[in-house]
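Survey of secondary and tertiary structure
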Amino acid sequence: MVNGWLTSDHAAYVAAEVVEAGGAHELLIDTGFGGFLYIPEDHDFHVGLVVRVERSDRARRLKHHDPDGYEATIVWFGAPQRVSILSGPSGCDSLLGMELLEGCRIELDRVNAEVRLEKL
C-alpha cells in the first residue's frame, strides 16, 4: 500500500522515490494526466535523469508546447519501476498520472485527510 495525504483544498498527494534524484518527491495525483510523471523544469533533480527524446532547437524554445522527455526509476509499491517523465514549465505541481495508477484502488479519506493506494 502507498499512503499519502489530502490538502485543505482536497488535493491528493503521495510521495515516491525517484532513484536518480536521490530521494522522495511529492506528487499530485492527476487522473486527467495519462502519463507516468510530470515534473516542472525548476525541480533540480533533472540532472540525474536520462533524456528520452532529442528535440530540435525550435522545440527547445517552445518548451511549453513540447515538453522534454526523460526516463527514471521510481520505487512504486516497494519495487523499482522504469517510467517516462515529462518536464514542462516552472511553477507547476509534480504530477503522478494514470499510467502508474493502472491496477490500483484509490481511497480518499476526507475525514482523516489521507490517501491510500492499493495494488489490486
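Presented here is a report on the structure given in the accompanying data block. No experiment lies behind these values; they were computed from the predicted model shown. (Residues numbered from 1 in each chain as written. Predicted model: local features only at pLDDT ≥ 70, side-chain atom pairs only at ≥ 80, totals over all residues. Heavy atoms only, no water.)

Looking at the nonpolar core
One finds Val14, Ile29, Leu37, Trp76, Leu96 and Leu100 to be the most contacted residues of the largest nonpolar core, which totals 22 residues. Of all the secondary structure elements, the ones that give two or more residues to this core are β1 (2-6), β2 (12-18), β3 (23-29), β4 (37-40), β6 (68-76), β7 (79-88), α2 (98-101) and β10 (114-119). Beyond its immediate chain neighbours, meaning those up to four positions away, Ile29 contacts Ala12, Val14, Leu96, Leu101, Val115 and Leu117. Membership of the second largest hydrophobic core comes to five residues, among which are Tyr13, Leu28, Tyr38 and Leu95. (Core = buried A, V, L, I, M, F, W, Y, C linked by side-chain atoms within 4.5 Å. Buried < 20%, exposed > 50% of the residue type's maximum accessible area, 1.4 Å probe, protein only. Helix = DSSP H or I, 4+ residues; strand = E, 2+ residues; numbered from the N terminus. Contact = heavy atoms within 4.5 Å.)

Notes on the packing of aromatic side chains
All told, the structure shown has three aromatic pairs when counted by the stated rule. Geometrically, the ring pair formed by Phe33 and Tyr38 is edge-to-face, given 6.4 Å between the ring centres and 80 degrees between the ring planes. On the basis of relative accessible area, Phe33 is assigned to the buried category, the value being 14%. Residues Trp76 and Phe77 carry aromatic rings whose centres are separated by 5.2 Å and whose planes lie at 75 degrees to one another, so their mutual orientation is edge-to-face. On the accessibility criterion, Trp76 (4% relative accessible area) is buried. (Phe/Tyr/Trp six-rings, centres within 6.5 Å; stacked < 30°, edge-to-face > 60°.)

Examining the pattern of salt bridges
Summed over all chains, the structure comprises six salt bridges. Ionic pairing is found between Arg116 and Asp109, a salt bridge with its closest N-O pair at 3.4 Å. Taking relative accessible area as the criterion, Arg116 reaches 17% and is therefore assigned buried. Salt bridges linked by common partners bring Glu107, Asp109, Glu114 and Arg116 together as one network. (Salt bridge = Lys/Arg side-chain N within 4 Å of Asp/Glu carboxyl O.)

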